[in-house]
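Listed below, chain by chain, are the residues.
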Amino acid sequence: MIAPRSPSAKKPAPSALPLVRGRALSIGGADAVAETTRGSSWSAPAGPVVGLDGPRKKSIAPELLATARAKHASVAAYARLVCQLLALGAPARVVDKTQRAMGDQLRHATMAFGLLASCGEPLQPRPLPEAAAPMPTGEALAPAVLRDVIHHGCVTETLTAHWAARRADVHASMEIREYYNQLAEDGARHAALAFETLTWLLADAPSLAPLA
């Protein structure tokens, strides 16, 4: 049992918390993310980041960049999942919620790139060829989707929600706190969607139960 933190205890330093960033684009067992280059095509308009001086903006930039790249890859991950769910005959409600989650990831990515630009690092992602990698087909599709939903949805999205809430707790900038609070809220909803998707998968194909 973890003892509650006393009000006088110091908040953990940002570097002390593990980095978890939602559904990954996993191809062949490896997580793919795009390289970046100078540019603003993926930056949502963002005002000045208040509460951080120059050195602190520079210190937070690597975290924002890692989050932006991960969220950009998550757009592809959810897009692939939408296609896979359609191939498996998923109900409209599950497909609709999955597509909405993809939109959330697009918003998270552009907001992170926008905050990064406000910290003096205007970057945008390069092409991500892995987004169009071949997907499992036939009898291999349902087990692959099941494993993806459990690992990248039920588990990782839950961890992401917890991680993002903790990140909001340690940052001085209101803009960055609000960004991570939104990630926490959406991550919890995405985790709930993963459990809903898992429930449908197992009801539709009970033979998958030993893999769950």
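Up top is the structure these notes are about.
Residues numbered from 1 in each chain as written. Predicted model: local features only at pLDDT ≥ 70, side-chain atom pairs only at ≥ 80, totals over all residues. Heavy atoms only, no water.

Colleague: Sorry, what's going on with the overall build of the chain here?
Modeller: Counting its secondary structure elements, the chain contains four helices and four strands. Seen in sequence order, the chain has helices and strands lined up from the N terminus as β-β-β-α-α-β-α-α. The 212 residues of the chain split such that 44% are buried. The contacts of the chain with a sequence gap of at least 6 include a subset with a gap of at least 24, amounting to 86%. (Helix = DSSP H or I, 4+ residues; strand = E, 2+ residues; numbered from the N terminus. Buried < 20%, exposed > 50% of the residue type's maximum accessible area, 1.4 Å probe, protein only. Contact = heavy atoms within 4.5 Å.)

Colleague: Is there a simple way to think about the pattern of salt bridges in this case?
Modeller: With the rule as written, the count across this model stands at eleven salt bridges. Between R107 and D104 there is a salt bridge, and its shortest N-O distance comes to 2.8 Å. With R107 and D104 both in helix α2 (residues 92–118), this residue pair falls three residues apart, about one helical turn. With a shortest N-O distance of 3.1 Å, R189 and D104 are connected by a salt bridge. Here the residue R189 occupies a position in helix α4 (residues 174–204), and D104 occupies one in helix α2, the gap between them amounting to 85 residues. Residue D104 is classed as buried on the basis of its relative accessible area, which comes to 8%. (Salt bridge = Lys/Arg side-chain N within 4 Å of Asp/Glu carboxyl O.)

Colleague: Is there a simple way to think about the packing of helix α1 (residues 54–88) against α2 in this case?
Modeller: A pair of packed helices is captured by two measures, namely the crossing angle of their axes and the spacing between those axes. Close contact between α1 and α2 brings their axes to 8 Å; oriented N to C, the two are set at 160°. Of the possible angle classes, the one that applies to α1 and α2 is roughly antiparallel. Between α1 and α2 lies a crossing of left-handed hand. Split by residue class, the contact of α1 with α2 holds 21 nonpolar, seven polar and three charged. (Axes fitted to C-alpha atoms, helices over the stretch in contact; angles between N-to-C directions. Parallel < 35°, antiparallel > 145°, perpendicular 65-115°, else oblique. Left-handed = near helix turned anticlockwise from the far one by under 90°. Nonpolar A, V, L, I, M, F, W, Y, C, P; charged D, E, K, R; others polar.)

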